[in-house]
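Geometric and topological summary
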2 protein chains.
Amino acid sequence: MRPIGAADATCQLRDVLDRVGDKWSVLVMALLGGGPRRYSELQRSIEGISQRMLTLTLRSLERDGLVERTVTPTSPPRVDYALTPVGETLSVEVSSLIRWAEEHREYVATSRLRYDVQTS
Amino acid sequence: MRPIGAADATCQLRDVLDRVGDKWSVLVMALLGGGPRRYSELQRSIEGISQRMLTLTLRSLERDGLVERTVTPTSPPRVDYALTPVGETLSVEVSSLIRWAEEHREYVATSRLRYDVQTS
DNA sequence: CTGTATCCTCATGGATACTG
DNA sequence: CAGTATCCATGAGGATACAG
């Protein structure tokens, strides 16, 4: 069996997983799954994200062809972000991951407590 | 609408997503989804993981109640790792994420090329 | 074989200030 | 409003050596 995550030319699983696994992409994708959003909406909706990271995250997602950026050159400018068709398919996965996290965070918290007690 | 990822006591989405989003957990979970594995099997199967990170990843997953560790005190010792029932449910999500990555890595690669060309 | 212990590097990402 | 530019701290994670 070929090692998983092998760094050869055909399998750049790592590349894609790294992007999905960064700190903010999952949350951004999930939000855009609910429809297009403006830059400021995203910033308000995502607790704790800095301007810098929101921009970097959106640029990466755009670069990967998952998000589309639309500028309306009014004054002040308006920029909307929306999922591309492929982005939609990823947002489905991502939403289901978030649902898992919500459904099991209590179990995880309890497990951690027990583990920490037993190993201390 | 309450911000997603809010850091209050009831919503520790961040906590769980951080664990899932680290560099190796996803791959470990996916492998264990195929059944119990020995420490050395995991190390061989995951391209590029260091001993340190494999151990840390397994400890975290165990702490979260997602993986169970079984020591057989032979000489040399044998240690098997298996998913817990809740771990199984996560490994399903994770496998489906990996499948997405495999199915779309070509699209992502192409998108990146185009983006880099256009913005250079 | 299955780890632990150190050391050290580098990239992630936060804070802040500034701009069209 | 929607960014960019800079600086900087932190910690994730690799390399290596050692141990039960």
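Going by the structure above, here's the rest.
All of the points below concern the structure found in this document. Computed from a predicted structure; not experimentally measured. Numbers given to residues run from 1 along each chain, matching the order in which its sequence is written. A letter from A marks each chain and a number from 1 marks each ligand, given out in the order of writing. Where totals are concerned, whole chains, interfaces and linings use all residues; where local detail is concerned, this predicted model gives features only for residues with pLDDT of at least 70, and gives and counts side-chain atom pairs only at 80 or more. Derived side-chain values reflect all non-hydrogen atoms in the structure, with water molecules and hydrogen atoms excluded from consideration.

**Observations concerning the pattern of salt bridges**
All names here are of chain B. Salt bridge, as used here, is a side-chain nitrogen of Lys or Arg placed within 4 Å of a carboxyl oxygen of Asp or Glu. Under the definition given, this model contains 14 salt bridges over all chains. Across the pair Asp22 and Arg19 runs a salt bridge whose closest N-O atoms are separated by 3.0 Å. Assessed through its relative accessible area of 14%, Arg19 is described here as buried. With a shortest N-O distance of 2.8 Å, Asp80 and Arg78 are connected by a salt bridge. Using a 1.4 Å probe on the protein chains alone, a residue whose accessible area is under 20% of its type maximum counts as buried, one over 50% counts as exposed, and one in between counts as partly exposed.

**As for the relation of the copies chain A and chain B**
Between the two copies of the chain lies a relationship made up of a rotation around an axis and a movement along it. Superposing chain A onto chain B takes a rotation of 180° combined with a translation of 0.0 Å along the rotation axis, leaving an RMSD of 0.0 Å. Both copies are brought into coincidence by an operation consistent with a two-fold rotation axis. Among all residues of chain A, the one whose C-alpha sits closest to the rotation axis is Gly21(A), at a distance of 2.1 Å. Looking at the interface residues of chain A, 100% of them are also at the interface in chain B, so both copies use one shared face. In superposing the copies, a least-squares fit is computed on C-alpha atoms, taking residues whose pLDDT is at least 70 in both. Two residues form a contact once any of their heavy atoms are found within 4.5 Å.

**So, unusual backbone geometry**
Omega for the bond connecting Ser75(A) with Pro76(A) falls within 30 degrees of zero, at 5°, which places this linkage in the cis form. Within the secondary structure, Pro76(A) is located in the loop between strand S2 (67-72) and strand S3 (78-83). Secondary structure is summarised from DSSP: a helix means a run of H or I of at least four residues, a strand means a run of E of at least two, and numbering begins at the N terminus for each.

**Structural notes on helix H2 (residues 25-32) of chain A**
In terms of burial, H2(A) is largely enclosed, as eight of its eight residues are buried. Burial in H2(A) covers these residues: Ser25(A), Val26(A), Leu27(A), Val28(A), Met29(A), Ala30(A), Leu31(A) and Leu32(A).

**With respect to the interface of chain A and chain B**
Every contact between the two is made by 52 residues of chain A and, on the other side, 52 residues of chain B. The buried area of a pairing is the accessible area, by a 1.4 Å probe, that goes missing from both parts when the two are put together, added over both. In total, chain A and chain B occlude about 4,800 Å² of area from one another, counting both sides; carbon and sulfur atoms represent 65% of this. For the pair chain A and chain B, the number of links is six salt bridges. Pairs of N or O atoms within 3.5 Å make up the polar contacts considered here, provided that, within protein, one atom can donate a hydrogen while the other can accept it, and that residues adjacent in sequence are counted only when both atoms are side-chain atoms. Put simply, chain A and chain B have 15 residue pairs in polar contact (both at pLDDT 80 or more) between them. Mapped onto the side of chain A that touches chain B, the elements with two or more residues apiece are helix H1 (13-20), H2, helix H3 (39-45), helix H4 (51-63) and helix H5 (85-119) of chain A. No other element matches H5(A), which puts 18 residues into the side of chain A that touches chain B.

**Topic: the protein's contact with DNA strand D**
Put simply, a residue is near a molecule or strand once any heavy atom of it comes within 4 Å of that molecule or strand. Within the structure, DNA strand D sits among 20 residues, and Ser40(A), Gln51(A), Arg69(A), Tyr81(A) and Arg52(B) are positioned closest to it. Here DNA strand D approaches the protein such that, of its atoms within 4 Å, sugar and phosphate make up 56%. In the environment of DNA strand D, a phosphate oxygen lies 2.5 Å from a nitrogen or oxygen atom belonging to the side chain of Arg69(A). Within the side chain of Arg52(B), one N or O atom sits 2.5 Å away from a base nitrogen of DNA strand D. Going through the elements one at a time, H3, H4 and S3 of chain A together with helix H4 (51-63) of chain B are the ones with two or more residues in the surface near DNA strand D. Sort the elements by how many residues they give to the surface near DNA strand D and H4(A) lands first, with four residues.

**Observations regarding the sheet that holds S3(A)**
Residues and elements named next belong to chain A. Between any two strands, pairing holds if DSSP finds at least two bridges. Spatial ordering of the open sheet is given by S1-S3-S2, a layout of three strands whose pairing is antiparallel. The open sheet terminates on both sides in strands that have one partner only, identified here as strand S1 (37-38) and S2. In terms of strand pairing, S1 meets S3 through two bridges, oriented antiparallel. Residue pairing in the sheet places Arg37 in a bridge with Tyr81 of S3. Against the sheet, H2 makes contact with S1, S2 and S3, and its axis sits at roughly 90° relative to S3, the strand it touches most. Structural elements are reduced to axes, namely lines fitted to C-alpha atoms, with helices fitted over the stretch in contact, and the angle between N-to-C directions of any two is expressed from 0 to 180 degrees.

**Here's the deal with the protein's contact with DNA strand C**
If you check the shell around DNA strand C, you find 19 residues, and the closest are Lys23(A), Arg52(A), Ser40(B), Arg69(B) and Tyr81(B). In DNA strand C, the atoms that sit within 4 Å of the protein are 59% sugar and phosphate, with bases accounting for the remainder. In the environment of DNA strand C, a base nitrogen lies 2.9 Å from a nitrogen or oxygen atom belonging to the side chain of Gln51(B). Take Arg69(B): an N or O atom from its side chain is 2.4 Å from a phosphate oxygen of DNA strand C. Those elements that place two or more of their residues in the surface near DNA strand C are H4 of chain A together with helix H3 (39-45), H4 and strand S3 (78-83) of chain B. For the surface near DNA strand C, the leading source of residues is H4(B), giving four residues.

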